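Each chain, written out:
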Protein chains: 2
Amino acid sequence: MCQLLGMNCNVPTDIVFSFTGFANRGGRTDEHKDGWGIAFFEGAGVRLFVDHESAITSPIAGLIKHYPIKSKNVIAHIRKATQGHIALENCHPFVRELWGHYWVFAHNGDLKNFAPILDGAFRPVGSTDSELAFCYLLQQLRKRFGDVLPSREALTDALAALTAEIGAYGIFNMMLSDGSALYAYCSTKLHYIVRQYPFTQAILSDEDVSVDFSEVTTPNDRVAIIVTEPLTTNERWHPFASGELKVFVDGLPTS
Amino acid sequence: MCQLLGMNCNVPTDIVFSFTGFANRGGRTDEHKDGWGIAFFEGAGVRLFVDHESAITSPIAGLIKHYPIKSKNVIAHIRKATQGHIALENCHPFVRELWGHYWVFAHNGDLKNFAPILDGAFRPVGSTDSELAFCYLLQQLRKRFGDVLPSREALTDALAALTAEIGAYGIFNMMLSDGSALYAYCSTKLHYIVRQYPFTQAILSDEDVSVDFSEVTTPNDRVAIIVTEPLTTNERWHPFASGELKVFVDGLPTS
């Protein structure tokens, strides 16, 4: 199993604080040490960092913890291998292009007997059930909507049906983003929080670090953090319901 | 215009020495400061680093210069914008998946009136002629070979025809790799060198740095470096002929 971290904001924001706590679970405070990855949207582009080292020993993770890359949509993942060996091609997030946009995907869970028929448009490079699910999901979206990017509402309806369909094969907590919204589906475990004015202090649960967000934000900033297990000890995190798909836009859940 | 750097080896090798010289051309010894990128194959996976900062100021380029990532196939690029504004989505190399393999592509040059019809299977995210050429190239390969990865010989023949076709629209120096071979096509300017036993000292032309490869290699190592302009002052670099496609496998040109 693995853990997921997502961020969706109304202005480009760095994820240094949350990633610092999250990365500790990659071998220090938890056992997810079989690779990690993080993808930042920046305009239409994506910066993707993946590594099969643990997030606590990786020099690249060290860079991310100290270099504030600002983004409105971020998805990160730490891996404890269940299906697929420890290799770079099996590290989440995965990225593919559809409709002239990059799509970023990460999964926490384990699918059993999931063997969809792929038409060749999107094929896994690695050997995880996760990348297979991502390829199937994009294939089905393209089949349904053809060559035109659908409205967010139409896409949300299609994703609700597809995530439920895939979720029937096992545990399927997932995050997906095209850089304009972050789609989060909870099969068993996912939490979120919205930080907005008035900002307060937050204290990490996985490291002796706190930040007073009122000192590093403007009153208009709004940031949603979505994560497998709450990252802070002094804030109220909202659990997702099982089977719930939430769409985050500009730092707020819209569904 | 831009500059290209590629490496193809028979054993995973780091590119620290060559990238150190090359990165200097991203604003110090040359004017290619509108972004840069580098892609490393690692097994079937790819590490892609792109940045719209110049390669001499980017903290991520700093990491690459000091963190020896080992790979058998690497493609790097420094950009001086001609078509497409300065943005992350316009930074080379570009990556797409075809036949269950990642393909990495970078281009040096400028295409005029190049407007191929795309069927939607691969669409550019950014606004460069380069990404458009890459999408067209993959589309045509998929049309020709269907859902099955062809032999290297068949692929080379197809690429020779496609690169000549695209090259008719302007300057089209390019590098392409699927992690098993590196395809380099010269429209106007490209050089290569093969380093193998007995290894000697090499002196960078863009920075006061030299390395004695005999101290950091084994007698079985073989490394081909392909680059727009020679990187060292004391080695004999081989120029490509205009219109020449070379395929590098295990550190040697095979065609």
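Remember, predicted model here, so these are calculated numbers, not experimental data.

A. Structural view of the overall build of chain A. A count of helical and extended segments in chain A gives 4 helices and 15 strands. Taking 255 residues into account, the globule formula puts the C-alpha radius of gyration at 18 Å, and chain A, at 17 Å, falls close to it. Counting only C-alpha atoms and orienting by the principal axes, one finds that chain A spans roughly 50 × 35 × 30 Å. Burial analysis of chain A (255 residues in total) assigns 50% to the buried set.

B. Spotlight on the relation of the copies chain A and chain B. When chain A is fitted onto chain B, the two copies agree to an RMSD of 0.0 Å after a turn of 180° and an axial shift of 0.0 Å. Such a combination of turn and shift is consistent with a two-fold rotation axis. A share of 97% of interface residues in chain A that are also interface residues in chain B marks the association as one of identical surfaces.

C. Just the interface of chain A and chain B, in detail. Facing 29 residues of chain A, the contacting portion of chain B comprises 28 residues. Put simply, the parts of the chain that give the side of chain A that touches chain B at least two residues each are strand E3 (45-51), helix H2 (59-66), strand E5 (94-98) and strand E6 (101-111) of chain A. Here the element with the most residues in the side of chain A that touches chain B is E3(A); it accounts for 4 residues. Residues of the side of chain A that touches chain B, tallied by class, amount to 16 nonpolar, 6 polar and 7 charged.

D. The arrangement of the environment of Ala121(B) in detail. Relative to the helices and strands, Ala121(B) resides in the loop between strand E6 (101-111) and helix H3 (129-145). Using a count of 17 C-beta atoms within 10 Å as the deciding quantity, one classes Ala121(B) as partly exposed. Expressed as a C-alpha distance, the spacing of Ala121(B) and Gln139(B), which sit 18 residues apart in the sequence, is 6.6 Å. Discounting chain neighbours no more than four positions away, the residues touching Ala121(B) are Ala121(A), Gln139(B) and Arg142(B).

E. A look at helix H4 (residues 152-167) of chain B. Residue and element names in this part refer to chain B. Spanning 16 residues, H4 covers 21 Å between terminal C-alpha atoms, matching the ideal 22 Å at 1.5 Å per step. Buried within H4 we find Thr163, Ile166 and Gly167. Take H4 and look down its axis: the buried residues cluster within an arc of 90°, on one side only. Those residues of H4 hidden inside the fold are in contact with E6, H3, strand E7 (170-177), strand E8 (182-186) and strand E14 (244-249).

F. Quick peek at the nonpolar core. Counting 142 residues, the largest nonpolar core has Met175(A) and Met175(B) as its most contacted members. Not counting chain neighbours up to four residues away, the residues in contact with Met175(A) comprise Leu4(A), Gly6(A), Ile75(A), Ala106(A), Leu182(A), Tyr183(A), Ala184(A) and Ile226(A).

G. Region of interest: the sheet that holds E7(B). Residue and element names in this part refer to chain B. One open sheet holds the 6 strands; their spatial order is E5-E6-E7-E8-E14-E15, and the pairing between them is antiparallel. The open sheet has two free edges, formed respectively by strand E5 (94-98) and strand E15 (252-253), since each of these has just one partner strand. Bridge count for E7 against E8 is 4 bridges, and the pairing is antiparallel. In the sheet register, Ser177 faces E8, and the bridge partner there is Leu182. Along the sheet, H3 contacts E5 and E6; its crossing angle with E6, the most-contacted strand, is approximately 130°.

H. Layout of the sheet that holds strand E13 (residues 238-239) of chain A. Residue and element names in this part refer to chain A. Judged by pairing direction, the sheet is antiparallel, and its 7 strands sit side by side in the order E3-E2-E4-E1-E12-E9-E13 without closing on themselves. Where the open sheet ends on each side, the last strands, each with one partner, are E3 and E13. Of the pairings in the sheet, the one linking strand E1 (residues 2-14) to strand E4 (residues 70-79) comprises 9 bridges and is antiparallel in character. Across the sheet, the residue bridging to Gly6 is Ile75, located in E4. Against the sheet, helix H1 (residues 16-24) contacts E1, strand E2 (36-42), E4 and strand E12 (222-227), and its axis sits at roughly 170° relative to E1. Each of E2 and E3 is contacted by H2, which is oriented at about 135° to E3, the strand it contacts most.

I. Representation of the packing of H3(B) against H4(B). All names here are of chain B. Running from N to C, H3 and H4 point in directions that differ by 140°, and their axes come no closer than 11 Å. The element H3 and its partner H4 pack so that their crossing is right-handed. Facing Ala133, Leu137, Gln140, Leu141 and Arg144 of H3, the residues of H4 in contact are Ala158, Leu162 and Ile166. Partitioning the contact of H3 with H4 into residue classes produces 6 nonpolar, 1 polar and 1 charged.

J. Quick peek at the environment of Trp36(B). Residue and element names in this part refer to chain B. Locating Trp36 in the fold gives a position in strand E2 (residues 36-42). Residues Trp36 and Asn90, 54 residues apart in the sequence, show an inter-C-alpha distance of 9.6 Å. Apart from residues lying up to four places away in sequence, Trp36 is in contact with Gly26, Asp51, Ala55, Ser58, Ala61, His77, Ile78, Arg79 and Cys91.

K. Broad picture of H2(A). For H2(A), the set of buried residues is Ile60(A), Ala61(A) and Ile64(A). All buried residues of H2(A) lie within an arc of 100° about the axis, which places them on one face of the element. When the buried face of H2(A) is taken as reference, the exposed residues oriented beyond 90 degrees from it are Pro59(A) and His66(A). Summarising the contacts, the buried residues of H2(A) are in contact with H1, E2 and E3 of chain A together with helix H2 (59-66) of chain B.

L. Just the packing of helix H1 (residues 16-24) of chain B against H2(B), in detail. All names here are of chain B. At their nearest, the axes of H1 and H2 sit 8 Å apart, and the two run at 145° to each other. Two secondary-structure elements touch here, H1 through Val16, Phe19, Thr20 and Ala23 and H2 through Ala61, Ile64 and Lys65. A per-class count over the contact of H1 with H2 returns 5 nonpolar, 1 polar and 1 charged.

M. Quick peek at the pairing of E5(A). Residue and element names in this part refer to chain A. Counting buried positions over the 5 residues of E5 gives 5, a clear majority of the element. Neither face of E5 is left uncovered, since the one carrying Phe94, Arg96 and Leu98 and the one carrying Val95 and Glu97 both have all their residues buried. The pairing of E5 with E6 spans 5 bridges and is classified as antiparallel. By the bridge assignment for E6, Arg96 is matched with Trp103.

N. Fine view of the environment of Ala224(B). Residue and element names in this part refer to chain B. Positionally, Ala224 belongs in strand E12 (residues 222-227). Look at Ala224 and you get buried, because 23 C-beta atoms sit within 10 Å. Placed 92 residues apart in sequence, Ala224 and Leu132 show a C-alpha to C-alpha distance of 28 Å.

Thresholds, definitions, all that
- Residues numbered from 1 in each chain as written.
- Chains lettered and ligands numbered in written order.
- Predicted model: local features only at pLDDT ≥ 70, side-chain atom pairs only at ≥ 80, totals over all residues.
- Helix = DSSP H or I, 4+ residues; strand = E, 2+ residues; numbered from the N terminus.
- Rg over C-alpha atoms; globule rule 2.2 N^0.38 Å.
- Buried ≥ 20, exposed ≤ 12 C-beta atoms within 10 Å, placed from the backbone.
- Least-squares fit on C-alpha atoms with pLDDT ≥ 70 in both.
- Contact = placed C-beta atoms within 7 Å.
- Nonpolar A, V, L, I, M, F, W, Y, C, P; charged D, E, K, R; others polar.
- Expected span 1.5 Å × (residues − 1).
- Arc of directions from axis to C-beta.
- Core = buried A, V, L, I, M, F, W, Y, C linked by C-beta atoms within 7 Å.
- Pairing = 2+ DSSP bridges.
- Axes fitted to C-alpha atoms, helices over the stretch in contact; angles between N-to-C directions.
- Left-handed = near helix turned anticlockwise from the far one by under 90°.

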